[in-house]
Structure formats: structure tokens, C-alpha cells
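# Examining the three-dimensional arrangement
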Amino acid sequence: MQQFPRGMPPPVGCTMSNRQRKKLASKNRGGYGRPRATPWTSSPSRANIGSLPPEVLMKILSFLDASSLYSVGYVNKQLHAVSNSNSLWYRLYTRDCAESKRKPLMVDEVADGLTSVAIQEKPMGYWKRLLFRKMAGFNTDKWLKQLKVTNPYTGLPRQTEHVLRSVGVTWELTVIDMRRRQCTFKPSRVFFSESSLSLTWYNLADLASIHIHSMQLHGVVPMLFDRHTASGRQSRSPVWRSLMAEVDMKSPNWRFLGACQLVRMKCSRQIPGFSLGQWRDQGDIVFVKMTLHFHKLVERSLLGSVTCPYMVQEPQPMFDDIDPEYGLHGYKVHLELHDMAKPIMSGHFTGLFCRRENFAGNHINLRAISRGKKAEHTAFCDKLCLKWRSEGLDGSLEKCCVVNVTVVDETDTPVWCISTAVPAIQMTDSTSYDYGGETYSMNYVDAGGRVFMDLVWMEEMRQYFLVKFWVQLPVAKINRLYRRNY
């Protein structure tokens, strides 16, 4: 029988037996029954972008917009390095963020006295981060004007919630384990009160098997480079992340808030507004709550970076050399109590002052409600509780709520602002002879000031009476703010 070369069909005019045909067919098939390429055919050559010279690749990427250039950086290591070139991002920065209109600059052009060498001397990604920072605060002048309109009762910007919603700010909780791996969670509930923002995260079952090192709160803003593009097409756009708070989970600086049958709750002393609930038997995290005061909330959500928060500077009131008691009078205090979903009570107190002889040690007393003046007592008909929820379970932490305090001086400048969960502790001598009910105390102390409140629960009326509300500010803080030496 005539033999033919392996893998080659017989010449024209020659015949093959059935056995030779089956043998030839089996040899011409690869794995999983796919036919092999015959010697006289070759697969089409595939273009490899990695084989392009860097100059050509830079020229191609120079025609992309910021959003596309950002996405290209996630293709591979080579494109990541090229797409972070300072020349490419400087061109986008000057085109999109310059105050004066100018033509787009090419990569090899010189712009406004900056040579190509000076541009490349900046650290890698410098102009990229600068562009993102500019875009995160896009229309800064517009929202700054909106924030100048203040609420006469709280002394805070009236349009804080409107500005945050119009800019598109959202918030994310980043959980970091011991190996520095990260996972992010979007809040399950967002609640705006009169002077604070409350965020709650439920359904955190994924954290049961994680050894948590720290938690971070970021304000997240989408980068809308194309301002005329519909919002639905910006879902894959890059985002700017502004660090707002970071909590070390291994730190011992925690204070106990309370417990119910299933959950115990604690609050961080490092970040007063940060609190979490844990199962009493296992210790796993059930929920995380975060309260943020409106004071400089927009700036903190927009103008920080991924690793550094926005630094809130203390106000600088003008020095008054005429009034010898400057800094000791003319205060206004706004008090608000709420849970994480609805308000409980709100009060505004004006004309508060403190004489030198009434200093409480190293603090000045601002007495908004005194126990002996019944005309100042305030009643409210709602229970103090913080509700929580988990997978298939819910409950409430009784005798605890969020306390918002805003202290404003006579120039309508906030000098101390807090928003944190505070428990109501039943006093030892709990019976109030004035009201005939049980007395509870709600106190909060930190380096910036102190809050003291007494409440009486009237069972037959189903009401709380706020019978005492004092605020204390450190004398050292008053001296620093008003350039005094009390």
C-alpha cells in the first residue's frame, strides 16, 4: 500500500483505504475534536498593542478623554504605566480645568511657561490627582455661595443637604483586614436631620469571618468630565474619594452605650459619631452607625483625599479691645435629639453668658435650662431609642439617642459642634419630687467641651421633661479664640 507523508492528503489521482482515511482524520484533529491547522495554512497574525513603540502609544492615548484614559489604565501593566503619564493628564488638566479658555495642548507642546521637562519632573500621577481634585469640587463657587446662607437658629448653612445631593455625594464604609485587604459597603439608610447626617449599614454578615484592622468612611463623588453627558452613561466614570474618618478597631478607646437582649452597642471615643452593634453571644458586628455634624460637612465630603481628611480650621474672630468680657457672652446653643430615622426634639437657646466668678474650674458655664426655673423646662412625647436591623431580626436600644449640639458665638460663628450617640443613665436618686417621675442623666465630655442634661420621665403623661441643659467650654479654648487671658 502506498504511504503518504504524515498529515498530508494524497496527491490528486491517488486512492486511500478507509483505514488510512480514519488515521489521517484522527491526526488532523486537536484536543476536544478541533481540527489542526494544516501545514499550508497559517493563523492570521494578531496585532499586539504592547509591540507598539511608546511614542506611538502615547500619541494614540492623547486623543482620549479623561474617563476613557482612566479606564485604559486597568487593561494591563504597560497601559497603566503609560496612561499615568504626566504629559497626558497635564493636557487634560489645562483643557478642562483652566480658568481661561485655550486650545487643547499636544503632548510635545510647551504650555504657559511649563516645559515638558518641568511637567515630567512632577511625581507620577500628579496631574491626574490634581484634575480629579478639581473635578470633585467642580462648581466650587456655586456651592460656596449656597453655603453662605445660614440658618438663624442653628448658625449652620441652610442648603447643606441640597448641595450634597446636587453634587452627587455618596458615602462608603471601607473595612480593612489584618492583611490590608479592603471591602466597601454602601449605606443601607441615609437620614438628614436638622443639623446632622446619619448613615447606617445593615446586613454585614460578610464581616463575620474577617479580622478587622480598621474602618474608614469616605465621601465619594463621581467625576463627570463630560458635563453634557446623561447621568446614566457615567456609571463607569472614575470617582473621587475623600477620607472623612478612620477608626482603629483594636483601640481601647470605646465607651459602652447600652444593650438589649441580642445586641450590645459601643461608641468610639476617637471618632465620637462612630458606633457599632455586636451580637452579645458571638461578638460579630451586626450594624454600623455614623453621625456627621453639618459643620463643614460639604468640605469634608469633597475636599479631602483618599488618605488625608480635610482639615477643619478653627474660626478666627476679630479681636475686641473695648469689651472686657468679650468671649464670655452672646452665645447661642442649638440642641437636637433624634434616632437614626426621625427627630425626637429640637430647642434653640440665645443670650447665654458666663461671668468670671461663675467659672467651673477651667470651664465656662452656659446654662440654657436650669433645674430651678420651671418656665425653661421643655417637654417632648417620644421615647429615647436607637432601632437596629439585621438579617431577619430587628430591635431597639432603649434609653439612647443621637445628641446634636451647636454652639455659636455672637458673631454667628460655630465654636463647638458635636453629633454622637449618648445613653440616658438612670440616676441613683431617680425620683424627682418636682415631677414625681424617674430622672435620667445624659452627659457627654470631650476635649472641645461638655454637655450635661437631666430628663424626667412622666409615666402617666408618657412624656419626657428636659429640666437641665448646660454646656461648658474650656477657658483655654476661649482664650485662644478671642485672644484673651481669662
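Residues numbered from 1 in each chain as written. Predicted model: local features only at pLDDT ≥ 70, side-chain atom pairs only at ≥ 80, totals over all residues. Heavy atoms only, no water.

### Concerning the overall build of the chain
When helices and strands are tallied, the chain shows eleven helices and 22 strands. Burial analysis of the chain (486 residues in total) assigns 45% to the buried set. Restricting the contact set of the chain to residue pairs at least 6 apart, pairs at least 24 apart contribute 58%. Surface summary for the chain: the accessible area is close to 27100 Å², and the carbon and sulfur share equals 52%. (Helix = DSSP H or I, 4+ residues; strand = E, 2+ residues; numbered from the N terminus. Buried < 20%, exposed > 50% of the residue type's maximum accessible area, 1.4 Å probe, protein only. Contact = heavy atoms within 4.5 Å. Areas by Shrake-Rupley, 256 points an atom, 1.4 Å probe, with all protein chains shown as cover.)

### Considerations on helix α11 (residues 475-482)
Summarising burial for α11: six of the eight residues are buried, a large majority. Within the sequence span of α11, burial applies to Val 475, Lys 477, Ile 478, Asn 479, Leu 481 and Tyr 482. On its buried side, α11 packs onto β11 (331-338), β13 (363-369), β18 (414-423) and β22 (463-474).

### So, the sheet that holds strand β5 (residues 212-222)
With antiparallel pairing, four strands are arranged side by side in an open sheet as β2-β1-β5-β6. Of all the strands in the sheet, just β2 (182-185) and β6 (239-248) have a single pairing partner and so form its edges. For this sheet, the mean angle separating the axes of adjacent strands, direction not counted, is 30°. Bridge analysis of β5 against β6 gives nine bridges, and the strand direction is antiparallel. Residue pairing across strands places Gln 216 opposite Glu 246, the latter belonging to β6. (Pairing = 2+ DSSP bridges. Axes fitted to C-alpha atoms, helices over the stretch in contact; angles between N-to-C directions.)

### Some points on the pairing of strand β20 (residues 437-446)
Sheet topology note: the β20/strand β21 (residues 449-458) ladder contains nine bridges and is antiparallel. Across the sheet, Asp 446 pairs through a bridge with Gly 449, a residue of β21. In this antiparallel pair of consecutive strands, β20 and β21, the connection spans two residues.

### Thoughts on the side chain of Ser 441
Structurally, Ser 441 can be placed in strand β20. Polar side-chain contacts of Ser 441 include one of 3.1 Å to the side chain of Asn 443. Apart from residues lying up to four places away in sequence, Ser 441 is in contact with Pro 423, Ala 424, Ile 425, Met 427, Met 453 and Asp 454. (Polar contact = N/O pair within 3.5 Å; in protein donor to acceptor, adjacent residues only side chain to side chain.)

### Concerning the pattern of salt bridges
The full count for this structure, using the stated rule, is ten salt bridges. A salt bridge links Glu 172 to Lys 186, with the nearest nitrogen and oxygen atoms 3.2 Å apart. Remark: Lys 186 occurs in the loop between β2 and β3 (189-192) and Glu 172 occurs in strand β1 (residues 170-177); sequence separation between them is 14 residues. Judged by relative accessible area, Glu 172 falls into the buried class, the value being 10%. (Salt bridge = Lys/Arg side-chain N within 4 Å of Asp/Glu carboxyl O.)

### So, the environment of Val 167
In this structure, Val 167 sits in helix α9 (residues 160-167). Separated by 54 residues in sequence, Val 167 and Val 221 have C-alpha atoms that sit 7.5 Å apart. In contact with Val 167, not counting residues within four places along its chain, are Trp 143, Val 221 and Leu 302.

### Some points on unusual backbone geometry
One non-glycine residue with positive phi stands out, namely Arg 462, at about 55°. Summarising the element assignment, Arg 462 is placed in the loop between β21 and β22.

### Points about the packing of aromatic side chains
Applying the stated criterion to the full structure yields eight aromatic pairs. An angle of 50° between the planes, with centres 4.6 Å apart, marks the rings of Trp 457 and Tyr 464 as tilted. Owing to a relative accessible area of 3%, Tyr 464 belongs among the buried residues under this scheme. Connected via pairs of aromatic rings, a cluster forms that spans Trp 279, Phe 287 and Trp 388. (Phe/Tyr/Trp six-rings, centres within 6.5 Å; stacked < 30°, edge-to-face > 60°.)

### Overview of a nonpolar patch on the surface
A grouping of Ile 49, Leu 52, Val 56 and Ile 60 is seen on the molecular surface, where their side chains present a nonpolar patch of about 290 Å² in accessible area. Within the secondary structure, Ile 49 sits in the loop between α1 (18-27) and α2 (54-61). Residue classification places Ile 49 among the partly exposed residues on the basis of a relative accessible area of 39%. (Patch = residues over 30% accessible without salt bridge, like charges linked within 9 Å, V, L, I, M, F, W, Y side chains within 5 Å.)

### Some thoughts on the sheet that holds β18
Spatial strand order, β12-β11-β17-β18: four strands in an open sheet with antiparallel pairing. Two strands close off the open sheet at either side, each with one partner strand: β12 (343-352) and β18. Neighbour to neighbour, the strand axes of the sheet diverge by 10° on average, direction disregarded. As judged from the nine bridges shared by strand β17 (residues 400-408) and β18, these two strands associate in the antiparallel manner.

### Remarks on the environment of Asp 206
Residue position: Asp 206 is located in the loop between β4 (196-201) and β5. Spatially, the C-alpha atoms of Asp 206 and Cys 183 are 9.7 Å apart, while their sequence positions differ by 23 residues.

### A look at the confidence of the model for the chain
Per-residue confidence for the chain gives a mean pLDDT of 81; residues scoring 70 or more make up 79%. Predicted confidence is poor over residues 30-43, with pLDDT under 50, and the contacts of this stretch with residues over four places away or in other chains come to twelve contacts. In this model, residues 227-235 is a region of pLDDT below 50 whose contacts with residues beyond four sequence positions or in other chains number six contacts. (pLDDT = per-residue confidence, 0-100.)

### Some points on the side chain of Arg 484
Here Arg 484 shows up in the segment after α11. Among buried Asp, Glu, Lys and Arg side chains, Arg 484 stands out as unpaired, with Asp 320 the closest opposite charge at 5.1 Å. One polar contact links the side chain of Arg 484 to the main-chain carbonyl oxygen of Asp 320, over a distance of 2.2 Å. If we skip the residues at most four places from it in the chain, Arg 484 touches Phe 319, Asp 320, Asp 321, Asp 323, Tyr 326 and Asn 479. (Lys, Arg positive; Asp, Glu negative; His and termini not counted.)

### Things to note about α9
Every buried residue belonging to α9 is among Thr 160, Val 163 and Leu 164, and all of these are buried. Across the axial projection of α9, the buried residues extend over an arc of 95°, all falling on one side. Where α9 terminates, the next one or two residues include Gly 168, which has phi positive at roughly 90°. (Arc of directions from axis to C-beta.)

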